[in-house]
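Residues per chain are reported as follows:
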Amino acid sequence: MTTEPRSLSSEPKARVSKGYAGLWRGVPRELGFLLPLLPIVVVGISVTASVFFTGVGMIFIVVGIFIVLAALFTARGFGMFELIRLRGAGFPKITPPKWDRVAPRAGWFGKAIAPVVDGHYWLYLLHTMIVNPVVGIISWTITIVWTSTALGGISYWFWQRYLPVGDRDWTFWGITTGDVGGVVDEATARLNDSIFFLVIGVIFTLTLPFVTRGLTWVHYGIARVMLSAFLSEALRQQVTGLASSRSAAVAAEGTALRRLERDIHDGPQQRLVRLQMDLAAADRQLDSDPAAARTLLEEALQQSKDALEELRALSRGFAPPILLDRGLVAALESLAVRSTVPTTIVDELPKGTTLPAELERNAYFIAAEALTNTAKHAQASAATVTVSVDDGLRLVISDDGRGGAISVDGHGIAGLSERVHGLGGTLEVSSPAGGPTVVAAHLPFLEA
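Please read these numbers as outputs of a predicted model, since none were measured by experiment.

(A) Main features of the overall build of the protein. What the protein contains, in helices and strands, is 14 helices and 5 strands. Looking at the 448 residues of the protein, the share that counts as buried comes to 38%. When the accessible surface of the protein is totalled, it reaches about 24800 Å², and 64% of it is carbon and sulfur.

(B) Spotlight on the nonpolar core. Residues Leu328, Leu332, Tyr364, Leu393, Leu395 and Leu443 are the most contacted members of the largest nonpolar core, which totals 35 residues. Only helix H12 (328-338), helix H13 (357-378), strand S2 (383-389), strand S3 (393-399), helix H14 (412-422) and strand S5 (437-443) provide two or more residues apiece to this core. In terms of residue count, the dominant contributor to this core is H13 (10 residues). The contact partners of Leu328, leaving out residues within four places of it in the chain, are Leu323, Leu355, Glu360, Ala363, Tyr364, Val387 and Leu393. With 28 residues, the next largest nonpolar core counts Leu69, Phe91, Ile94 and Ala223 among its residues.

(C) Seen up close, empty space enclosed by the protein. Applying the stated criterion across every chain, the model contains 1 cavity of 30 Å³ or more. Volume-wise, the largest cavity comes out at about 80 Å³. Forming the boundary of the largest cavity are Ile40, Val41, Gly44, Ile45, Phe78, Gly79, Phe81, Glu82, His127, Thr128, Asn132 and Pro133. Where the lining of the largest cavity is concerned, the elements lending two or more residues are helix H2 (37-57), helix H3 (62-88) and helix H5 (119-159). Residue composition of the lining of the largest cavity, by class: 6 nonpolar, 5 polar and 1 charged.

(D) Highlighting the packing of aromatic side chains. Throughout the structure, instances matching the rule amount to 13 aromatic pairs. Considering the side-chain rings of Tyr156 and Phe197, the 4.4 Å spacing of their centres and the 45° angle between planes classify their relative orientation as tilted. On the criterion of sequence distance, the pair formed by Tyr156 in helix H5 and Phe197 in helix H7 (residues 186-226) is long-range, its members being 41 residues apart. Residue classification places Tyr156 among the buried positions, given a relative accessible area of 9%. For Phe197, a relative accessible area of 22% puts it in the partly exposed group.

(E) The packing of H3 against H5, seen in detail. Between H3 and H5, whose axes approach to 8 Å, the crossing angle comes to 70°. As far as their axial angle goes, H5 and H3 are roughly perpendicular. Of the residues in H5, those touching H3 at Val68, Ala71, Leu72, Phe73, Ala75, Arg76, Phe78, Gly79, Met80, Glu82 and Leu83 are Tyr121, Trp122, Tyr124, Leu125, His127, Thr128 and Asn132. Classifying every residue of the contact of H3 with H5 by side-chain character gives 12 nonpolar, 4 polar and 2 charged.

(F) Quick look at unusual backbone geometry. Phi at Gln379 is positive, roughly 55°, even though this residue is not glycine. Note on placement: Gln379 falls in the loop between H13 and S2.

(G) Geometry of the pattern of salt bridges. This structure, assessed with the given rule, holds 2 salt bridges. For Glu30, the salt bridge goes to Arg213, with nearest N and O atoms at 2.4 Å. Of this pair, Glu30 sits in helix H1 (residues 19-34) while Arg213 sits in helix H7, placing them 183 residues apart in sequence. In this pair, the class of Glu30 matches that of Arg213, namely buried. Two residues, Arg85 and Glu82, come together in a salt bridge whose shortest N-O distance is 3.8 Å.

(H) Up close: the sheet that holds S2. Read across the open sheet, the 5 strands follow the order S1-S2-S3-S5-S4; overall the sheet is mixed. In the strand order of this sheet, the two ends are held by strand S1 (343-347) and strand S4 (426-430), each with one partner. Averaged over all pairs of adjacent strands, the angle between strand axes in this sheet comes to 10°, irrespective of strand direction. Relative to S5, S3 is paired through 7 bridges, and the arrangement is antiparallel.

(I) Looking closely at the pairing of S2. Counted residue by residue, S2 has 5 buried out of 7 residues, so it is predominantly covered. Pairing analysis gives 5 bridges linking S1 to S2, with the strands arranged parallel. Bridging across to S2, Thr344 finds its partner in Thr384. Taking the sense of rotation as the criterion, the β-α-β connection linking S1, H13 and S2 turns out left-handed.

(J) Structural view of the environment of Lys376. Note on placement: Lys376 falls in helix H13. Owing to a relative accessible area of 62%, Lys376 belongs among the exposed residues under this scheme. Taking C-alpha positions, Lys376 is 9.5 Å from Thr340, a pair spaced 36 residues apart along the chain.

(K) The arrangement of H2 in detail. Counted at 1.5 Å a residue, the expected span for H2 with its 21 residues is 30 Å, and the 29 Å between its end C-alpha atoms agrees. All buried positions along H2 are accounted for by Leu37, Ile40, Val41, Gly44, Thr48, Ala49, Phe52 and Gly55. Seen from one end, H2 has its buried residues packed into an arc of 130°, which puts them on one side. When the buried face of H2 is taken as reference, the exposed residues oriented beyond 90 degrees from it are Phe53 and Gly57.

Quick notes on the rules
Residues numbered from 1 in each chain as written. Predicted model: local features only at pLDDT ≥ 70, side-chain atom pairs only at ≥ 80, totals over all residues. Heavy atoms only, no water. Helix = DSSP H or I, 4+ residues; strand = E, 2+ residues; numbered from the N terminus. Buried < 20%, exposed > 50% of the residue type's maximum accessible area, 1.4 Å probe, protein only. Areas by Shrake-Rupley, 256 points an atom, 1.4 Å probe, with all protein chains shown as cover. Core = buried A, V, L, I, M, F, W, Y, C linked by side-chain atoms within 4.5 Å. Contact = heavy atoms within 4.5 Å. 1 Å grid on protein atoms, 1.4 Å probe; cavity = no way out; pocket = protein on both sides within 12 Å on 5 of 7 lines; lining within 4 Å. Points joined across faces, edges and corners; volume = space filled by probe spheres on them. Nonpolar A, V, L, I, M, F, W, Y, C, P; charged D, E, K, R; others polar. Phe/Tyr/Trp six-rings, centres within 6.5 Å; stacked < 30°, edge-to-face > 60°. Axes fitted to C-alpha atoms, helices over the stretch in contact; angles between N-to-C directions. Parallel < 35°, antiparallel > 145°, perpendicular 65-115°, else oblique. Salt bridge = Lys/Arg side-chain N within 4 Å of Asp/Glu carboxyl O. Pairing = 2+ DSSP bridges. Right-handed = clockwise from strand over helix to strand, strands pointing away. Expected span 1.5 Å × (residues − 1). Arc of directions from axis to C-beta.

Spelled out as structure tokens, the structure:
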């Protein structure tokens with residue numbers, strides 16, 4: 001199976017199954033959402049309405065305001081619980097509002113009264129006190145009737161023997177077919193009723209997945225409108241995140257360029273200057289002191305070799321040809337061979353996986369930088385690089401070193417964090433004193 005390059009949205013994809021078999025697979029989760037509706041909405045409206053109207057009645061004194069605030073926070077709790085239950089029912093995650101957006105820098109009093117001017121709190125209150133009780137009671141009633149009819153109908157043939165029938169001139173099957181004349185004996189009545197209820201039970205059972213899915217979708221749609229963050233807020237957060245990622249990417253690029261400039265200045269440049277001086281001195285002594293000139297030429301040759309080795313080491317900061325030719329795993333294996341710390345590459349990518357070239361290049365740089373940090377600071381005897389795919393590319397670099405890794409601006413982990421953040425990803429670092437150190441980078445798939 002080939003994993004095509006794809007974008008990673010901020011909201012996980014729906015886990016709602018498709019097809020009739022998929023509908024049946026969702027029934028247990030949906031019943032788990034629908035059956036407890038009655039007690040949940042009753043408790044929600046009882047608690048929230050009692051607190052809210054008590055606060056409204058005392059609004060002209062200071063304590064009334066705080067009681068209303070308590071009702072708003074209570075409604076927020078019931079609303080968040082609804083989102084959790086919908087997620088448990090197998091529906092896509094609904095992004096909740098950012099609750100401190102009204103007064104993010106205010107003091108405790110400003111934060112306490114902020115819900116009064118936050119429309120989300122009032123929507124949650126309206127949902128808990130009015131909308132959810134009305135819709136919830138209707139949904140619960142339909143669910144109970146439909147489920148009990150389905151179960152009772154298909155099992156009526158078994159438990160009807162314990163019900164009194166007696167002689168009568170009608171049966172449920174007869175009423176349905178129009179044959180209502182004549183007295184029927186008990187055996188005939190039981191047989192006809194069993195057939196009738198079995199047919200009804202089968203019909204209700206076959207349609208049960210549509211009913212549970214539809215009722216749950218109604219609650220999900222209401223929650224999307226009333227309990228989710230506004231579209232303008234999501235766009236604002238996305239713009240803020242993109243600006244932050246761009247700044248981090250620029251900072252990471254600047255840091256890399258400064259480090260490369262510093263490394264060239266401190267390494268190959270100094271050796272080339274020394275090489276030039278040795279060649280000039282050898283040229284001056286070539287006629288007067290050939291032995292000294294030969295010694296200087298030998299030193300110049302060694303300087304040229306050292307400069308070449310340092311240039312080769314610096315070139316590892318650029319994407320190697322093997323990355324373009326054979327992919328990320330082969331490039332990581334090549335990186336492991338060159339590492340001074342014995343490194344194992346664990347490939348957990350699905351067979352035939354194809355990743356975007358830019359994503360592979362950045363993953364290679366992250367692994368290279370992390371292994372360089374390991375070699376310089378960790379005092380490790382072994383390292384492991386694991387690459388896998390979930391809803392993005394996950395790269396985990398671990399070692400058995402001394403631990404205690406910290407973030408210092410412009411170096412090491414800080415540089416890794418800037419690069420990952422610039423790609424819209426996340427970086428997690430665990431490095432307790434004594435080790436081990438685990439660096440986990442999660443990179444979203446880039447647009448194809």
